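Chain residues, written in single-letter form:
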Amino acid sequence: MSDARLSVFKTYKLYVGGKFPRSESGRVYEVTDSKGKWLANAPLSSRKDARDAVVAARKAFGAWSGATAYNRGQVLYRVAEMLEGRRDQFTREVADAEGLSKSKAAAVVDATIDRWVWYAGWTDKIAQVVGGGNPVAGPYFNLSSPEPTGVVAVVAPQESSFLGLVSVLAPVIATGNTAVVVASEKSPLPALSLAEVLATSDVPGGVVNVLSGRTAEIATPLAAHQDVNAIDLAGADEELAKELEIAAADNLKRVLRPQPVDYAETPGIDRLTAFLETKTVWHPTGSLGASGSSY
């Protein structure tokens, strides 16, 4: 038998509602490595794909935001386990995408998996940090608790195709939001491969939706979409960020402006709190007797 065989090229697809469709437009674009060598054809998403992703994210929001924080943490930790199992694949993709040596790319992948675990550990702790009981003048409990904002559009970083991506995506879903991710235009393959990990873990379909293509073409309809509650502009340049912020104002979206970030540094909780709303509840403490309150 001959040892010669044809390579099986990987077909990259979008990830919407837990499924892997091609772009409804049928378009693709060439993805190359840092030296211009062809790597794959990635889907070139359309405005319709963006709208479909929002529908899927909204449908998934109720169950995901209603899950216990502990359960969300367990689900996210499962994703980290599966990323660890595909470490070699992501090392290759990051090396190609960012022009890194194999050893440096492996270090980036390790940091990315650790970052995912870090955010998974925050799911059942963030409420204790930003919520609590408030002192009030009256016989009431006054409790503030954080709640997810809703559907969040995430414009992923352009240069940090994997570590940056996870650094902006993980905090969004860790706090109970659902996400529509616009992958790095130049280096979308790590994001599309991450979608395969999410699909085969316990993350419900629609919680994360991943689109590849021209950043401005996809992000513009998301910023103007009336059913998107917030947008992270991490991967938008100054001109595009301004346009998206203006579009987002139409339905009072919460906007996280782009800022210089070293994704290798340990993050604080800013991205966790960026897409949380605070709900405050008043409740009577009980009857007040001559000796003071009782409850």
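Just above, that's the structure.
Below you will find a few notes about this structure. Keep in mind that this is a model prediction, so the values were computed, not measured.

Rules used in this analysis
Residues numbered from 1 in each chain as written. Predicted model: local features only at pLDDT ≥ 70, side-chain atom pairs only at ≥ 80, totals over all residues. Heavy atoms only, no water. Salt bridge = Lys/Arg side-chain N within 4 Å of Asp/Glu carboxyl O. Helix = DSSP H or I, 4+ residues; strand = E, 2+ residues; numbered from the N terminus. Pairing = 2+ DSSP bridges. Axes fitted to C-alpha atoms, helices over the stretch in contact; angles between N-to-C directions. Contact = heavy atoms within 4.5 Å. Buried < 20%, exposed > 50% of the residue type's maximum accessible area, 1.4 Å probe, protein only. Parallel < 35°, antiparallel > 145°, perpendicular 65-115°, else oblique. Left-handed = near helix turned anticlockwise from the far one by under 90°. Phe/Tyr/Trp six-rings, centres within 6.5 Å; stacked < 30°, edge-to-face > 60°. Polar contact = N/O pair within 3.5 Å; in protein donor to acceptor, adjacent residues only side chain to side chain. Expected span 1.5 Å × (residues − 1).

**With respect to the pattern of salt bridges**
Applying the stated criterion to the full structure yields 14 salt bridges. Between lysine 10 and glutamate 196 there is a salt bridge, with its nearest N and O atoms 3.1 Å apart. Taken together, the positions of lysine 10 in the segment before strand E1 (28-32) and glutamate 196 in helix H7 (residues 189-199) put the pair 186 residues apart, joining distant regions of the chain. Ionic pairing is found between lysine 48 and aspartate 52, a salt bridge with its closest N-O pair at 3.0 Å. With a gap of four residues between them, lysine 48 and aspartate 52 both fall in helix H1 (residues 47-66), about one helical turn apart. A single network of salt bridges, built from pairs that share partners, joins Lys10, Arg86 and Glu196.

**Quick notes on the sheet that holds strand E5 (residues 151-155)**
Across the sheet, five strands lie side by side as E7-E6-E5-E8-E9; this open sheet has parallel pairing. In the strand order of this sheet, the two ends are held by strand E7 (208-211) and strand E9 (254-256), each with one partner. Across the sheet, the mean angle separating the axes of adjacent strands is 15 degrees when strand polarity is ignored. Pairing between E5 and strand E8 (residues 230-232): three bridges, direction parallel. Paired with valine 154 across the strands is aspartate 232, a residue of E8. Where helix H8 (residues 215-224) meets the sheet, it contacts E5, strand E6 (178-182), E7 and E8, and its direction lies at approximately 150 degrees from that of E6.

**Some thoughts on the sheet that holds strand E3 (residues 132-133)**
Spatial ordering of the open sheet is given by E3-E4-E10, a layout of three strands whose pairing is antiparallel. Unpaired on one side and paired on the other, E3 and strand E10 (276-284) mark the two borders of the sheet. Both E3 and strand E4 (residues 140-148) contribute to a ladder of two bridges, which runs antiparallel. Within the sheet, the bridge partner assigned to glycine 132 lies in E4 and is serine 144.

**Observations regarding the environment of arginine 92**
The topology assignment puts arginine 92 in helix H3 (residues 87-98). Of the residues examined, arginine 92 reaches a relative accessible area of 53% and is grouped as exposed. Sequence separation of arginine 92 and valine 109 is 17 residues, and the distance between their C-alpha atoms is 9.8 Å.

**Considering the packing of H8 against helix H9 (residues 238-248)**
Packing of H8 against H9 leaves a shortest axis separation of 7 Å and a crossing angle of 25 degrees. Here H8 is positioned roughly parallel relative to H9, judged by the angle of their axes. The handedness of the crossing between H8 and H9 comes out as right-handed. Across the interface between the two elements, Thr215, Ala216, Ala219, Thr220, Ala223 and Ala224 of H8 pack against Leu240, Leu244, Ala247 and Ala248 of H9.

**Notes on the packing of aromatic side chains**
If you walk through the whole model with that rule in mind, you get six aromatic pairs. Each ring, one from phenylalanine 9 and one from tryptophan 38, has its centre 5.9 Å from the other, and the planes form 75 degrees; the classification is edge-to-face. Taken together, the positions of phenylalanine 9 in the segment before E1 and tryptophan 38 in strand E2 (residues 38-43) put the pair 29 residues apart, joining distant regions of the chain. Aromatic ring contacts, followed pair by pair, group Trp118, Tyr119 and Trp122 into a single cluster.

**Focus: the side chain of serine 187**
Here serine 187 shows up in the loop between E6 and H7. Its relative accessible area of 3% is what places serine 187 among the buried residues. Separated by 3.4 Å, the side chains of serine 187 and lysine 186 make a polar contact. With sequence-adjacent residues up to four places away left out, serine 187 is seen in contact with Ala97 and Ser161.

**A look at H1**
If you check H1, its first and last C-alpha atoms are 29 Å apart, about what 20 residues at 1.5 Å a residue would give, namely 28 Å. Among all positions in H1, only Asp49, Ala50, Ala53, Val54, Ala56, Ala57, Ala60, Phe61 and Trp64 are buried. Of the residues flanking the start of H1, the one acting as N-cap is serine 46, its side-chain oxygen 3.3 Å from the backbone nitrogen of lysine 48.

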